[in-house]
2 protein chains.
Amino acid sequence: MADAKIKNMEEFAAISGISRPTVSKYFHDPNSVRKSTRERIEAALEQYEYRPNIFAVNQNRKLTKTIGILVPYLADPFFAEIARNIERRCIDAGYRPTLFSAHGSSDFEVEILDSLRSLKPAGVLLAPLGRISDKSAIEAFCRDVPTVLFDSNIEGMGEAFVGSDNYSFVSQTVEYLSRVGEPPSFFEMRNPANPNANKRRHAYIAMMERLGLDPHVIQIDGTGWGFEEIGRKGALKLLEEKALPTDTVLCSNDRLAIGFLSACFEKGVHVGRKVGCDLRVASHDDHPFSRFTCPSLTTAAHDYTAVSNHAVETLFRLIESGGKLERREESLFAAHLIMRASA
Amino acid sequence: MADAKIKNMEEFAAISGISRPTVSKYFHDPNSVRKSTRERIEAALEQYEYRPNIFAVNQNRKLTKTIGILVPYLADPFFAEIARNIERRCIDAGYRPTLFSAHGSSDFEVEILDSLRSLKPAGVLLAPLGRISDKSAIEAFCRDVPTVLFDSNIEGMGEAFVGSDNYSFVSQTVEYLSRVGEPPSFFEMRNPANPNANKRRHAYIAMMERLGLDPHVIQIDGTGWGFEEIGRKGALKLLEEKALPTDTVLCSNDRLAIGFLSACFEKGVHVGRKVGCDLRVASHDDHPFSRFTCPSLTTAAHDYTAVSNHAVETLFRLIESGGKLERREESLFAAHLIMRASA
DNA sequence: ATCAAAATTTTACGCGCGTAAAAAAATAAT
DNA sequence: ATTATTTTTTTACGCGCGTAAAATTTTGAT
């Protein structure tokens, strides 16, 4: 492997004593050539350093081995975590994942979709921004490129959607909170960027009514992706105005809850389920940091692994079947409750 | 722009009434062709949708417009934040950034470097894992690809290093803490993955000695990138054994501090600089979440913008000068103290 | 040994574009 | 109008590889 460098496949084929078309076949799929030739190629591969030029390969192959991954906001550890899982699986399956973040901007999202298109990826895993996404741009993209949506669903777009079952999240938290103490109010942003937020609100209301309880939805102002700060500001206002209808708050997501808890601490409000506490706070997502909040956050956790696995597997299936599925698939995974100190 | 799609540059040239070599020249640099022809091309560009095939372009051009960005751990919002800044600037400058994360593993790091090499990028911005990095692999990579290191320095590798001045961080926190209260102990991991940690420890000791104070370095066990959990475990042990030498703790970085604060809360230890508090805790980095800890974290902040800007600009300069700099450059940016409630 | 099946080699073309060289055209300067 | 200069066109080759078709070799079973 320390010998002179090989320029191209022609040269490498000559050295390994195999014809170029066969070598080409080998790189496409090592098992497509006879064992003895495979071994000869691999022997040469160990002596000489050669890898096919990826640009020439991609130009000529109908199907690239690239998989695009686009998430709305990579600085959110939740997406970073999912992306990590997905990347891993793609690599294991012999694909080359390329990761993009829309950085919370729909302009960026469209721009990335555009440059993703020119990469001619075998498939794309797309977690759209949601409400502010340019729907028509996404729809056009999905028509051209085999795409599986995840995290946020947009009706009818992509060949499949894989995400979490928001009803499962909320029903578990609401059930637990109201069984053990006062029923929860629901704390959320007035104009949530993410469609999951709406589903969670509806699930909250439905669940409360099923339990014969009065739903209280508290909506706070704020835009953008600085959820913690939005939650903190909203909570500060509520606490100052003593406007909380119950002593239990269920936040739409963990990042809002992180802000909420920080506001409580500032105001000297004791959060927790122990005696002497003023307030219980729970939430959804099991954000990587939620176990380090003060107090640690009771939350409903995504089945990260199941979601990312199934998203990737669905995409592989989609790719193998030529970019089209019989019918659009929707897969939702249940949450599981993680009881910590906050509620 | 809704007209029939163009297959290749040949076709597009025919339609726009310009010869293909000239069109090629235009896409390389629009200002390299006469104004009148530029306008004709751009007029055609508005009517017909055409973009040069990126693979064919990259195969034939000596220099790609790709810039590789590799960070050690993208699930750490600190790196996500830096990556966001860098991506932005690269796009603005007409490059195509591609982001990779080593996910904390040196195997991954080498693997990514390898696939990065085959992308023939114009340049690479590399934040190495640090201690566990495969130095020889990185060195070999830097020889082949114009590379600027950032965040963690590895002596002699890459054409330049851009990062923060650890001494500036620590001197400010130590000075402040010991001026206002009891001098701090230094809380860190025994075997830090990141070389900055070592520099911070040395800076702490030097600064304490300069102030005529006794340094106390507390080293805790733990490996990997789950710093919060490591910090929490370490702090729990310290608090249980009442092993803290002073009532002021300076953590090596914010993620450790987040864990420390969570342990304090669990143990009922009151952190803050107000009267009645048991402990002051400060740290370094200004992690995106450090303002939402309980209490909010006093910390020394990176000049994120300056670091990412200067890293990118250095890389551009490096690219323009053909991949070599007169001599290796090292640029360090000062921190600024952010006073919050924890100390 | 015989023969069909499977794998490989030979040969050749195409992908979409960069780019060099010479000829032609357009522009600017005198 | 003439000449010098800049820009564009024509022509042609190369990049590294995919892939098709026909010829050849190897393999495995009889």
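Residues numbered from 1 in each chain as written. Chains lettered and ligands numbered in written order. Predicted model: local features only at pLDDT ≥ 70, side-chain atom pairs only at ≥ 80, totals over all residues. Heavy atoms only, no water.

Trainee: Explain the domain arrangement of chain A to me, using residue names and the numbers behind them.
Mentor: In terms of domains, chain A is made up of domain 1 (9-50), domain 2 (57-164 + 305-334) and domain 3 (166-301). One C-alpha centre belongs to domain 1 of chain A, the other to domain 3 of chain A, and the line joining them spans 59 Å. (Domains from an automatic or database assignment.)

Trainee: So what about the protein's contact with DNA strand C? Which residues, and what values?
Mentor: The local shell around DNA strand C holds 25 residues, among which Thr37 and Asn60 of chain A together with Met9, Ser24 and Tyr50 of chain B are the closest. Counting only atoms of DNA strand C within 4 Å of the protein, the fraction found in sugar and phosphate groups is 66%. Contact distances for DNA strand C include 2.3 Å between a phosphate oxygen and a backbone N or O atom of methionine 9 of chain B. Separating a phosphate oxygen of DNA strand C from a backbone N or O atom of asparagine 53 of chain B is a distance of 2.9 Å. Listed by contribution, the elements that provide at least two residues to the surface near DNA strand C are α2 (20-28) and α4 (54-60) of chain A together with α2 (20-28) and α4 (54-60) of chain B. The biggest single contributor to the surface near DNA strand C is α4 of chain B, with four residues. (Near = heavy atom within 4 Å. Polar contact = N/O pair within 3.5 Å; in protein donor to acceptor, adjacent residues only side chain to side chain. Helix = DSSP H or I, 4+ residues; strand = E, 2+ residues; numbered from the N terminus.)

Trainee: Pulling in residues and values, what's your account of the sheet that holds strand β8 (residues 248-251) of chain A?
Mentor: Residue and element names in this part refer to chain A. Across the sheet, six strands lie side by side as β7-β6-β8-β9-β10-β12; this open sheet has mixed pairing. Where the open sheet ends on each side, the last strands, each with one partner, are β7 (217-220) and β12 (336-338). Pairwise comparison of adjacent strand axes, ignoring direction, gives a mean angle of 25° for this sheet. Across four bridges, the pairing between strand β9 (residues 280-285) and strand β10 (residues 298-301) is parallel. When the bridges of β10 are listed, alanine 282 appears paired with threonine 298. Contacts from helix α8 (residues 166-180) reach β8, β9, β10 and β12 within the one sheet, and its direction differs from that of β9 by about 165°. (Pairing = 2+ DSSP bridges. Axes fitted to C-alpha atoms, helices over the stretch in contact; angles between N-to-C directions. Contact = heavy atoms within 4.5 Å.)

Trainee: Can you lay out the sheet that holds strand β12 (residues 336-338) of chain B for me, pointing to particular residues and giving the numbers?
Mentor: Sheets are built from strands that pair by backbone hydrogen bonding, the pairs being arranged parallel or antiparallel. Residues and elements named next belong to chain B. If you walk across this open sheet you meet the six strands as β7-β6-β8-β9-β10-β12, and the pairing is mixed. Each edge of the open sheet is held by one strand with a lone partner, namely β7 (217-220) and β12. Averaged over neighbouring strand pairs, the angle between their axes works out to 25° when direction is ignored. Where helix α10 (residues 227-240) meets the sheet, it contacts β6 (185-189) and β7, and its direction lies at approximately 130° from that of β6.

Trainee: Outline the protein's contact with DNA strand D, supporting the account with residue identities and numerical values.
Mentor: Taken together, 25 residues sit near DNA strand D, with Met9, Ser24 and Tyr50 of chain A together with Thr37 and Asn60 of chain B positioned nearest. Protein-adjacent atoms of DNA strand D, using a 4 Å cutoff, are sugar or phosphate at a proportion of 66%. Serine 24 of chain A has a polar side-chain atom sitting 2.5 Å from a phosphate oxygen of DNA strand D. When residues of the surface near DNA strand D are assigned to their parent elements, the largest contribution, four residues, is made by α4 of chain A.

Trainee: Could you give an account of the interface of chain A and chain B, with specific residues and numbers?
Mentor: Counting residues at the interface gives 45 residues for chain A, matched by 45 residues for chain B. Buried area between chain A and chain B, both sides added, is near 4,100 Å², and the carbon and sulfur share of it is 65%. For chain A, the biggest contributors to the area lost against chain B are Phe55, Phe289 and Phe292 of chain A; these three give 18% of the whole. In this assembly, chain A and chain B are joined by two salt bridges. In this structure, the connection of chain A to chain B is made through four residue pairs in polar contact (both at pLDDT 80 or more). Listing elements by their share of the side of chain A that touches chain B, those giving two or more residues are α4, α5 (77-92), β2 (96-101), α6 (106-118), α10 (227-240) and α11 (254-266) of chain A. Of the residues forming the side of chain A that touches chain B, the biggest block, seven residues, is contributed by α5 of chain A. Its residues assigned to classes, the side of chain A that touches chain B shows 21 nonpolar, nine polar and 15 charged. (Buried area = accessible area lost by both parts, 1.4 Å probe. Salt bridge = Lys/Arg side-chain N within 4 Å of Asp/Glu carboxyl O. Nonpolar A, V, L, I, M, F, W, Y, C, P; charged D, E, K, R; others polar.)

Trainee: Tell me what's going on with the packing of aromatic side chains, and back it up with residues and numbers.
Mentor: Under the definition given, this model contains 25 aromatic pairs over all chains. Taken together, a centroid distance of 5.0 Å and an interplanar angle of 25° make the contact between phenylalanine 186 of chain A and tyrosine 204 of chain A stacked. Of the two residues, phenylalanine 186 of chain A is situated in strand β6 (residues 185-189) and tyrosine 204 of chain A in helix α9 (residues 195-210); the sequence distance between them amounts to 18 residues. The burial state of phenylalanine 186 of chain A is the same as that of tyrosine 204 of chain A; both residues are buried. Judged by centre distance (5.2 Å) and plane angle (15°), the ring pair of tyrosine 73 of chain B and tryptophan 225 of chain B falls under stacked. Residue tyrosine 73 of chain B is located in the loop between β1 (66-71) and α5 (77-92), and its partner tryptophan 225 of chain B is located in the loop between β7 and α10; the two are separated by 152 residues in the primary sequence. A relative accessible area of 13% places tyrosine 73 of chain B in the buried class. Using a relative accessible area of 9% as the deciding quantity, one classes tryptophan 225 of chain B as buried. Connected via pairs of aromatic rings, a cluster forms that spans Tyr73, Phe78, Phe79, Trp225, Phe227 and Tyr304 of chain A. Over the aromatic face of tyrosine 95 of chain A sits the side chain of lysine 65 of chain A, whose NZ or CZ is 4.3 Å from the ring centroid. (Phe/Tyr/Trp six-rings, centres within 6.5 Å; stacked < 30°, edge-to-face > 60°. Buried < 20%, exposed > 50% of the residue type's maximum accessible area, 1.4 Å probe, protein only. Lys NZ or Arg CZ within 6 Å of the ring centre and 35° of its normal.)

Trainee: So what about the relation of the copies chain A and chain B? Which residues, and what values?
Mentor: Once chain A is rotated about the relating axis by 180° and shifted along it by 0.1 Å, it coincides with chain B to within an RMSD of 0.2 Å. Given the turn and translation reported, the copies of this chain are related as if by a two-fold rotation axis. When C-alpha positions in chain A are compared against the rotation axis, the closest is assigned to phenylalanine 55 of chain A, at 2.4 Å. A shared binding surface is used by both copies, with 100% of the interface residues of chain A retained as interface residues in chain B. (Least-squares fit on C-alpha atoms with pLDDT ≥ 70 in both.)

Trainee: Requested: an account of helix α8 (residues 166-180) of chain B, with residues and values cited.
Mentor: The end-to-end C-alpha separation of α8 of chain B is 22 Å, in line with the 21 Å expected for 15 residues at 1.5 Å each. Buried within α8 of chain B are the following residues: Asn166, Ser168, Phe169, Val170, Ser171, Thr173, Val174, Tyr176, Leu177 and Ser178 of chain B. (Expected span 1.5 Å × (residues − 1).)

Trainee: How would you sum up the pattern of salt bridges? Please name residues and give values.
Mentor: Where side chains of opposite charge bring their charged atoms close, a pairing between them can arise. All names here are of chain A. By the definition in use, this model includes 42 salt bridges over all chains. Its salt-bridge partner being aspartate 76, residue arginine 255 comes within 3.0 Å of it at the nearest N-O pair. One end of the pair, arginine 255, is in helix α11; the other, aspartate 76, is in the loop between β1 (66-71) and α5, with 179 residues separating them in the sequence. Exposure class is identical for arginine 255 and aspartate 76. Each is buried. A salt bridge links glutamate 329 to arginine 317, with the shortest nitrogen-to-oxygen separation between them at 2.9 Å. Of this pair, glutamate 329 sits in strand β11 (residues 329-333) while arginine 317 sits in helix α12 (residues 304-320), placing them twelve residues apart in sequence.

Trainee: Tell me about the environment of glycine 68 of chain A, and please be specific about residues and values.
Mentor: Residue and element names in this part refer to chain A. Take glycine 68: it is sitting in strand β1. Using a relative accessible area of 0% as the deciding quantity, one classes glycine 68 as buried. Those residues in contact with glycine 68 that sit more than four places away from it in its chain are Thr98, Leu116, Pro121, Gly123, Val124 and Leu125.

Trainee: Explain the nonpolar core to me, using residue names and the numbers behind them.
Mentor: Of all hydrophobic cores here, the largest spans 154 residues; its most connected members are Phe187, Phe260 and Val281 of chain A together with Phe187, Phe260, Leu279 and Val281 of chain B. If you tally residues by element for this core, the top one is α12 of chain A, at nine residues. The contact partners of phenylalanine 187 of chain A, leaving out residues within four places of it in the chain, are Ile218, Ile220, Gly231, Gly234, Ala235, Leu238, Val249, Leu250, Cys251, Ser252, Leu256 and Phe260 of chain A. (Core = buried A, V, L, I, M, F, W, Y, C linked by side-chain atoms within 4.5 Å.)

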